Amino acid sequence: MSDLILCGPCDYADNNKKGEKWCTVCEEGLCADCEKVHKSIKTTRNHRLISIEDYHQIQNISVSLNCEDHDKRFELYCITHDVAVCLGCVPSHHRTCSDVIFLDKADANAKQSTALADLEDTLTLTIQNLEQIIADCDSALEKLENTKYDDCKSEENKLLTRLKNPERDLSNLREQTSQLKSFASDIQLFLGTRQINEAVFKEVESVKETIKCAQNYQMNLTLNPSIMALMNESDQFGKISVKTTTTNLPFKEAKVDQAQIKHRVSDMKNIKNVRLQLKNKFEVNIKGGPIWLTGCTMLPNGNLLIAYGV
Ligand SMILES: [Zn+2]
Ligand SMILES: [Zn+2]
Ligand SMILES: [Zn+2]
Ligand SMILES: [Zn+2]
């Protein structure tokens, strides 16, 4: 099994035995016999031992106990710079620092330290803040759901991803902090607090940058200037009036229609049926040349009106 922890001291003597406890200071497993020895030796009796199950909780949390620059274990702490340092760091970077102390003096009460409390507060507030911003973005995206503003939707989705990643990372860091607080040694918690704090700072800076670059979309309608001029002259576009006409809907009742057509045809007078009869005769006396009658009509009083041209 990959999560089997061997006893470190027994393994050193080529004797494979299963570890029952984990020493958070020596960072190795201890079988029951070696645990007794560990607790009896003066230099190791105060080492914090945890169960193998608890060790698995912090197994994957990487707290660096060694200085990367000098590949030596952190043994000192510079109060001025608030950093753990190795013996190699002091001459190069902290020669003039007057307050470099042993790490085991600095990490005492790491669980009750202000640095840890500040880190926990920062994580809680930052995650709450991010969750609120993500919820706001989600609801903005919902409003765009059935619209055609694809550019806005894709930008909003990109922004959400850029916010959800740090939110997930910060939640992991909060989980790691809580596990370190419960199971790690003082030195691991002390160093872990500072290393996680550094990671949180980077995440917060990246979120601030993302939010600074986020675009806000506001839609505005600019009316054509000629329409604006028209509106300045008149307080209304126009009036709506209602004109009533027949609809001319193509509705026909075939049988009724045919019957009426027959009726109308029988009523109409055909010119072939008109008989002409001479009723009266009169002369028109106008001096001059010939005249041209251009029209005549019977007036309502019975007089005949004749129009002519000379
Ligand atoms: Zn130990
Ligand atoms: Zn052993
Ligand atoms: Zn160093
Ligand atoms: Zn320093």
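Each chain carries its own residue numbering, running from 1 in the written order of its sequence. Labels are handed out in written order, letters beginning with A for the chains and numbers beginning with 1 for the ligands. Confidence filtering applies because this is a predicted model: local features only for residues at pLDDT of at least 70, side-chain atom pairs given and counted only at 80 or more, and all residues used for totals across whole chains, interfaces and linings. Water and hydrogen atoms were dropped before computing side-chain values, which therefore reflect all heavy atoms in the structure.

- Looking at an unreviewed UniProt entry, one finds the protein chain named B box-type domain-containing protein and attributed to Mytilus galloprovincialis.

1. Here's the deal with the overall build of the protein chain
So, step 1. Helix and strand counts for the protein chain stand at ten helices and ten strands.
So, step 2. The buried label goes to any residue with under 20% of its type's maximum accessible area, the exposed label to any with over 50%, and the partly exposed label to all in between, with areas taken from a 1.4 Å probe on protein chains only. The buried share among the 310 residues of the protein chain stands at 25%.
So, step 3. Expressed as a percentage of contacts within the protein chain between residues at least 6 apart in sequence, the contacts between residues at least 24 apart total 50%.
So, step 4. Each accessible area is a Shrake-Rupley result for a 1.4 Å probe, and residues are judged covered by the shown protein chains and nothing else. As displayed, the protein chain offers around 24,000 Å² of accessible surface, 52% of which is attributable to carbon and sulfur atoms. By the criteria applied, helices consist of DSSP H or I runs no shorter than four residues and strands consist of E runs no shorter than two, each listed in order from the N terminus. Working rule for contacts: check all heavy atoms of both residues, and any pair within 4.5 Å makes them a contact.

2. Regarding the sheet that holds strand 1 (residues 21–23)
So, step 1. Pairing in this open sheet of three strands is antiparallel, and the strands run 2-1-3 from one edge to the other. Where the open sheet ends on each side, the last strands, each with one partner, are strand 2 (28–30) and strand 3 (49–51). Strand-to-strand twist in this sheet, taken as the mean axis angle between neighbours without regard to direction, amounts to 40°.
So, step 2. Here, strands pair whenever DSSP counts at least two bridges between them. Bridge analysis of strand 1 against strand 2 gives three bridges, and the strand direction is antiparallel. Axes here refer to lines fitted to C-alpha atoms; in helices the fit is confined to the stretch in contact. Angles between the N-to-C directions go from 0 to 180 degrees.

3. Remarks on the nonpolar core
So, step 1. We define a nonpolar core as any set of buried Ala, Val, Leu, Ile, Met, Phe, Trp, Tyr and Cys residues linked to one another through side-chain atoms lying within 4.5 Å. Core analysis: the biggest nonpolar cluster contains 43 residues, and Ile58, Leu103, Leu180 and Leu191 have the highest contact counts within it.
So, step 2. Elements supplying a minimum of two residues to this core: helix 3 (52–58), strand 6 (76–78), strand 7 (83–85), helix 5 (103–106), helix 6 (114–144), helix 7 (150–183) and helix 8 (186–213).
So, step 3. Among the elements that take part in this core, helix 6 stands out by supplying eight residues, more than any other.
So, step 4. The contact partners of Leu103, leaving out residues within four places of it in the chain, are Phe74, Glu75, Leu76, Tyr77, Ala84, Ile187, Phe190 and Leu191.
So, step 5. Core analysis: the second largest hydrophobic core is formed by six residues, Cys7, Cys10, Leu30 and Cys34 among them.

4. Focus on the coordination of the zinc ion (ligand 4)
So, step 1. Every protein donor of the zinc ion (ligand 4) is accounted for by Cys78 (SG), His81 (ND1), His94 (ND1) and Cys97 (SG), and the metal-donor separations fall at 2.0 to 2.4 Å.
So, step 2. Considering all four donor atoms around the zinc ion (ligand 4), the spread of angles at the metal, 100 to 119°, places the coordination shape in the tetrahedral class.
So, step 3. The rule for donors is simple: N, O or S, within 2.8 Å of the metal, or within 3.2 Å if the metal is Na, K or Ca. Water isn't counted, so a site may look like it is missing partners. As a motif over one chain, the donors of the zinc ion (ligand 4) read C-x2-H-x12-H-x2-C. Of this pair, His81 sits in the loop between strand 6 and strand 7 while Cys97 sits in the loop between helix 4 (89–93) and strand 8 (100–102), and the two are 16 residues apart along the sequence.
So, step 4. The exposure class of His81 is partly exposed, given its relative accessible area of 43%.
So, step 5. The exposure class of Cys97 is buried, given its relative accessible area of 14%. Any site counts as irregular unless it has four donors with all angles between 85 and 135 degrees, making it tetrahedral, or four or six donors with opposite ones more than 155 degrees apart and the rest between 65 and 115, making it square planar or octahedral.

5. Side note on the coordination of the zinc ion (ligand 1)
So, step 1. The protein atoms that coordinate the zinc ion (ligand 1) are Cys23 (SG), Cys26 (SG), His38 (NE2) and His47 (ND1), at distances spanning 2.0 to 2.2 Å.
So, step 2. With four donor atoms in place around the zinc ion (ligand 1) and angles of 98 to 116° between them, the coordination shape is tetrahedral.
So, step 3. Mapped onto the sequence, the residues coordinating the zinc ion (ligand 1) show the spacing C-x2-C-x11-H-x8-H. Of this pair, Cys23 sits in strand 1 while His47 sits in the loop between helix 2 (32–40) and strand 3, and the two are 24 residues apart along the sequence.

6. Some points on the environment of Glu75
So, step 1. The topology assignment puts Glu75 in the loop between strand 5 (72–73) and strand 6.
So, step 2. Once the C-alpha coordinates of Glu75 and Leu87 are considered, the two residues, twelve residues apart in sequence, prove to be 7.0 Å apart.
So, step 3. When residues no more than four places from it in sequence are discounted, the contact partners of Glu75 are Val85, Cys86, Leu87, Ile101, Phe102 and Leu103.

7. Details of the pairing of strand 9 (residues 292–298)
So, step 1. Burial of strand 9 is sparse: only zero of the seven residues sit out of reach of the surface.
So, step 2. As paired strands, strand 9 and strand 10 (residues 304–309) are joined by six bridges and run antiparallel to one another. Across the sheet, Met298 pairs through a bridge with Leu304, a residue of strand 10.
So, step 3. The antiparallel pairing of strand 9 with strand 10 creates a hairpin that spans five residues between the two strands, and Gly302 there sits at a positive phi of about 100°.

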